[in-house]
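Listed here are the chains, written in short residue letters.
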Amino acid sequence: MKRIPWGRAAVIGACASLVLAVPAAAAHDPAPVAADAITYHGSYRSLPGDRPASGSTAAPTTPSPDGTATPSPGVTPEEIRKAQEAERYWTPERIRSAVPVDAVRDAEKAQGLRRGAGAAGSGSRSEPSHPADAGVATVGVFLIRNDDGSPTPNQFCSASAVTSPTKSLILTAGHCMKSDKPYRNVAFVPGYRAGASQTGQSGETPYGIFPMQQGKVWIDSRYLSSSPSDDVDFAVLRVGPNSQGQLLEDAVGRGNTLTAVPATKLARRDITLIGYPGGQKTPLQCRNDTKAFQGRFMEINCAGYRTGVSGGPFLEGFDGSRGNLVGAIGGYKTGGPNADTSYTSQFDNDVFRLYHQAVDDAAPDTVNPLGSAATWQHATALATGRFHTDSVRNGTSDLLVRWSDGEVSLYPGNGGYGFGKDIQLVKKNTPWKQAKVTAGEFTGNHTDDLLVRWANGRLSLFKDVDQTNKLTHEVQLKAANDTWTHAYGITAGRFGGGNTRRDDLVVRWSDGEVTLYTNVDGRGLHAQKQLVKRNKTWPHARDIATGDLRATTGDQDLIAAWTDGEVTAYENIAAKGLAAERRMQPAKSVWRDSSLVTVGAFGGGTRQDDLIARWPGGKVVLYGETTSTSLARERVLVPPLIS
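Remember, it's a predicted structure, so these values are computed and weren't measured experimentally. (Residues numbered from 1 in each chain as written. Predicted model: local features only at pLDDT ≥ 70, side-chain atom pairs only at ≥ 80, totals over all residues. Heavy atoms only, no water.)

**Student:** Got a minute to help me understand the overall build of the protein in this structure?
**Tutor:** Check the secondary structure of the protein and you find nine helices and 38 strands. When each of the 643 residues of the protein is scored for burial, the buried share is 58%. Taking the intrachain contacts of the protein between residues at least 6 apart in sequence as the baseline, contacts between residues at least 24 apart amount to 63%. Carbon and sulfur atoms make up 49% of the accessible area of the protein, which amounts to about 24200 Å² in all. (Helix = DSSP H or I, 4+ residues; strand = E, 2+ residues; numbered from the N terminus. Buried < 20%, exposed > 50% of the residue type's maximum accessible area, 1.4 Å probe, protein only. Contact = heavy atoms within 4.5 Å. Areas by Shrake-Rupley, 256 points an atom, 1.4 Å probe, with all protein chains shown as cover.)

**Student:** Is there a simple way to think about the packing of aromatic side chains in this case?
**Tutor:** The relation between two aromatic rings is expressed through the spacing of the ring centres and the mutual angle of the planes. Under the counting rule described, the total for this entry stands at 20 aromatic pairs. The interplanar angle of 70° and the centroid separation of 6.4 Å between the aromatic rings of Trp454 and Phe462 together place this pair among those described as edge-to-face. By relative accessible area, Trp454 is classed as buried at 7%. Judged by its relative accessible area of 4%, Phe462 falls in the buried class. Among the aromatic residues, ring-to-ring pairing joins Phe293, Phe297, Tyr332 and Tyr343 into one connected group. A cation over a ring is seen here: Arg94 above Tyr89, with NZ or CZ 4.1 Å from the ring centre. (Phe/Tyr/Trp six-rings, centres within 6.5 Å; stacked < 30°, edge-to-face > 60°. Lys NZ or Arg CZ within 6 Å of the ring centre and 35° of its normal.)

**Student:** What's the story with helix H1 (residues 77–89) in this structure? I'm lost.
**Tutor:** Every α-helix winds through 3.6 residues per turn, so residues three or four apart in the chain are directed the same way. Taking 1.5 Å of rise per residue, 13 residues should cover 18 Å, and H1 covers 19 Å from first to last C-alpha, within 8% of that figure. Buried within H1 are the following residues: Glu79, Lys82, Ala83, Ala86 and Tyr89. All buried residues of H1 lie within an arc of 120° about the axis, which places them on one face of the element. Exposed and facing more than 90 degrees away from the buried side of H1 are Pro77 and Arg88. Elements that come into contact with the buried residues of H1 comprise helix H2 (92–97), strand E5 (139–146), strand E6 (154–162), strand E8 (183–190) and strand E9 (210–219). (Expected span 1.5 Å × (residues − 1). Arc of directions from axis to C-beta.)

**Student:** Explain helix H6 (residues 349–360) here, please?
**Tutor:** The terminal C-alpha atoms of H6, which comprises 12 residues, lie 16 Å apart, in line with the 16 Å expected from a rise of 1.5 Å per residue. The buried count for H6 comes to nine of 12 residues, which makes it a mostly enclosed element. Among the residues making up H6, those that are buried are Asp350, Val351, Phe352, Leu354, Tyr355, His356, Gln357, Ala358 and Val359. Where H6 begins, the capping side chain belongs to Asp348, and its oxygen is found 3.1 Å from the backbone nitrogen of Asp350. Backbone geometry just downstream of H6 places Asp361 in the positive-phi region, at approximately 55°. (Polar contact = N/O pair within 3.5 Å; in protein donor to acceptor, adjacent residues only side chain to side chain.)

**Student:** Hey, could you run me through the pairing of strand E24 (residues 449–453) in this one?
**Tutor:** Consecutive residues of a regular strand have side chains that alternate between opposite faces of the sheet. Burial analysis of E24 places five of its five residues in the buried class, the great majority of the element. On E24, burial covers both faces: Asp449, Leu451 and Arg453 on one face and Leu450 and Val452 on the other are all buried. Inspection of the sheet shows E24 paired to strand E25 (residues 459–462) by four bridges, in the antiparallel sense. By the bridge assignment for E25, Leu450 is matched with Phe462. Once E24 ends, the chain turns through five residues before running back antiparallel as E25, passing Gly457 with a positive phi of about 90°. (Pairing = 2+ DSSP bridges.)

**Student:** Honestly, the environment of Glu566 in this entry has me stumped. Any pointers?
**Tutor:** Positionally, Glu566 belongs in the loop between strand E32 (557–562) and strand E33 (567–570). It is 5.1 Å that separates the C-alpha atoms of Glu566 and Gln585, two residues lying 19 residues apart in sequence. Separated by 3.3 Å, the side chains of Glu566 and Arg583 make a polar contact.

**Student:** When you look at the sheet that holds strand E23 (residues 436–440) in this model, what are you seeing that I'm missing?
**Tutor:** One key point about sheets: their strands pair by backbone hydrogen bonds, in either a parallel or an antiparallel sense. Ordered by their spatial adjacency, four strands build an open sheet running E23-E24-E25-E26, and the pairing between neighbours is antiparallel. Two strands lie at the open edges of the sheet, namely E23 and strand E26 (474–478), each paired on one side alone. On average, each strand axis in the sheet is inclined to that of its neighbour by 25°, with strand direction left out of account. Sheet topology note: the E25/E26 ladder contains four bridges and is antiparallel. If you follow Leu459 over to E26, its bridge partner there is Lys478. (Axes fitted to C-alpha atoms, helices over the stretch in contact; angles between N-to-C directions.)

**Student:** Can you walk me through unusual backbone geometry in this structure?
**Tutor:** Residue Lys167 is not a glycine yet carries a positive backbone phi of 60°. Looking at the secondary structure, you find Lys167 in the loop between E6 and strand E7 (169–172). Given a relative accessible area of 16%, Lys167 falls into the buried group. The backbone of Asp464 sits at a positive phi, close to 50°, despite the residue not being glycine.

**Student:** Would you explain the confidence of the model for the protein in this entry?
**Tutor:** Detailed reading of the predicted coordinates is not advisable wherever pLDDT falls low. Per-residue pLDDT for the protein has a mean of 85; in total, 84% of the residues score no lower than 70. Predicted confidence for residues 1–59 stays below pLDDT 50, and this span has 202 contacts to residues more than four positions away or in other chains. Of the regions scoring below 50 in pLDDT, residues 108–123 engages in 53 contacts with residues more than four places distant in sequence or in other chains. (pLDDT = per-residue confidence, 0-100.)

**Student:** Explanation requested: the nonpolar core in the structure shown.
**Tutor:** Nonpolar side chains in soluble globular proteins tend to be buried together. With 77 residues, the main nonpolar core has Phe142, Leu171, Met177, Leu258 and Phe347 as its most contacted residues. Per element, the largest residue contribution to this core is six residues, and it comes from H6. For Phe142, the residues in contact, after removing those within four places along its chain, are Gln155, Phe156, Cys157, Ser158, Ala159, Ile170, Thr172, Met177, Val186, Ala187 and Leu237. (Core = buried A, V, L, I, M, F, W, Y, C linked by side-chain atoms within 4.5 Å.)

**Student:** Could you clarify how one ought to interpret the environment of Ala103 in this entry?
**Tutor:** Here Ala103 lies in helix H3 (residues 101–109). Spatially, the C-alpha atoms of Ala103 and Arg306 are 9.5 Å apart, while their sequence positions differ by 203 residues.

**Student:** Please clarify how the pairing of strand E36 (residues 610–614) should be interpreted in this entry.
**Tutor:** Across the five residues of E36, five count as buried, placing the element largely inside the fold. Here E36 runs beside strand E37 (residues 620–623); their pairing, made up of four bridges, is antiparallel. If you follow Arg614 over to E37, its bridge partner there is Val620. Connecting E36 to the next strand, E37, in antiparallel fashion are five residues, including Gly617 with a positive phi near 80°.

**Student:** What's the story with the state of the cysteines in this structure? I'm lost.
**Tutor:** What is meant by a disulfide is a covalent connection between two cysteines, made through their sulfur atoms. Counting across every chain of the model gives two disulfides. Ordering the disulfide-forming cysteines of the protein by sequence position, one finds them joined as 1-2, 3-4. (Disulfide = S-S within 2.5 Å.)

**Student:** Sorry, what's going on with the pattern of salt bridges here?
**Tutor:** Side chains that differ in charge, positive against negative, can pair when their charged atoms come close. Tallied over the full model, the rule gives 28 salt bridges. Among the salt bridges present, the one from Asp220 reaches Arg222, with a minimum N-O distance of 2.7 Å. With respect to class, Asp220 is no different from Arg222; both count as buried. Linked by salt bridges that have partners in common, Asp220, Arg222, Asp350, Arg353, Asp365 and Arg635 make up one network. (Salt bridge = Lys/Arg side-chain N within 4 Å of Asp/Glu carboxyl O.)

**Student:** For this particular structure, what's the right way to read the sheet that holds strand E19 (residues 379–385)?
**Tutor:** The four strands lie next to each other as E19-E20-E21-E22, forming an open sheet whose pairing is antiparallel. A strand with exactly one partner marks an edge of an open sheet, and here the two such strands are E19 and strand E22 (423–426). Neighbouring strand axes in the sheet, compared pairwise and without regard to direction, differ in orientation by 25° on average. In terms of strand pairing, E19 meets strand E20 (residues 398–403) through six bridges, oriented antiparallel.

And the structure:
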């Protein structure tokens, strides 16, 4: 969070490469899940909706930190040794002197926003905050030892415990963990409060120190890229037990309940904000209403949240120890440009995906293989199909891209709305610069084929395209001709040709005529049907694509994105032509600024209902599980360039 740097901040960096001296997790018995907690059923996850505040029901009791802890079942001596090692390093003096991660980065850059009065988007009065001198059991300092020789190696953010079957998860801001420098001795200290012990209290670290387990950090790949997407500024981590052998939730009681926040409900009542401002190491607490900001962030006005509060929780129904976790300080400008206004990225499916990765101990995301918006500004054609052998086997789609210099790339889909590293199918060249492309199952070999209309009207079929064959098996369907130079839009699918293959072709011509060719194969085009005569409307169909947008199985739908922003779907075109129209977006919508629309099966099953569009600034967005009447919420694959 970009705040006025605390006076002790010097030059430092935080971290992306995880060079941590902490062991992998041992298996532990799962915790019982509270009635209003996330429901977890093995491979199935039910995403919580907008739950009522947990404060409406009796909250679990927080254990007293009296030094008589009982070790949790399954904890190993090696894990306890690691916790003791963390305690030896993080002495009270080192914790007190640790500097905020954000202050260090600001000092390194020697530029950027600093704390001042007012904030972009802020129009509400800031509520006063007050120190929570006794600490908060489920909120603490998140400690990082920078290992790059910096003069101020000990750094911190804020974080909170999250209830889970592992009893060992915390959540902080993604930017607290993202850098290009190594670090170690990463640990979470719940309930931390600065100052000497008082009668009846158990000191500055009342529940102990919980070291992060090696490699157990889950950050969205879009935040790991060179141009991080502020939509996903959060990180989930797994910590080991403390030196008494207690798992986190056995020590502090049930953690905060991760809670989904719909875009329509970013404005919420009575949200408690907690964080550790640099220099005082006593948690700051404030309660106020939130409001939506830019339709994807939650904004709250609370006074005095200086550098160090990044990762601190937004809690709904807070009972003094825990609540429903609806945000973490970060997101817009890494949490806000001044001390009186704070932000969080929206908690939606993206944060729950990381949560479930952590619960399952799945492999963390890697750097976004799609690259940056600077690259995607040069994408000039998109197509989807099952090309890679893994995609053919799993029934998922890959993304094929033609670039402005004629290069063609294939991004294998991973089945989880993401993609693997690109495979170059053809180097940059002149003929491919003007080619129109679509993918289908024209030869019946299960691996998809690529149909190409060249600038001179020649029509080619590249059979069985995959990571090995690439574009080597070319069959000419039509020689160069004048007619096909007027084919301005092509898309392949299952449109009523009498079989189950995606081997039918729809063509939108320059004069507005739309034609359906059924059962296209390696021998050429066969049956032909005019869907609409030449007209003045269809020349304005900027993109056409194919999808499975209805619940029923069978023929696919034709999708058209128009120059005025309207997006429409057409059902059963073989029988009804273009009469059965459904409007997905109205005219004059923001979709008039989009380009390069394609649809595939990129996650959530084998149905071809995930729409991808490229937007101005090189932004690439996926709309998963789209229907014929509406577009799903956007998932940003490549954030836009920021000028």
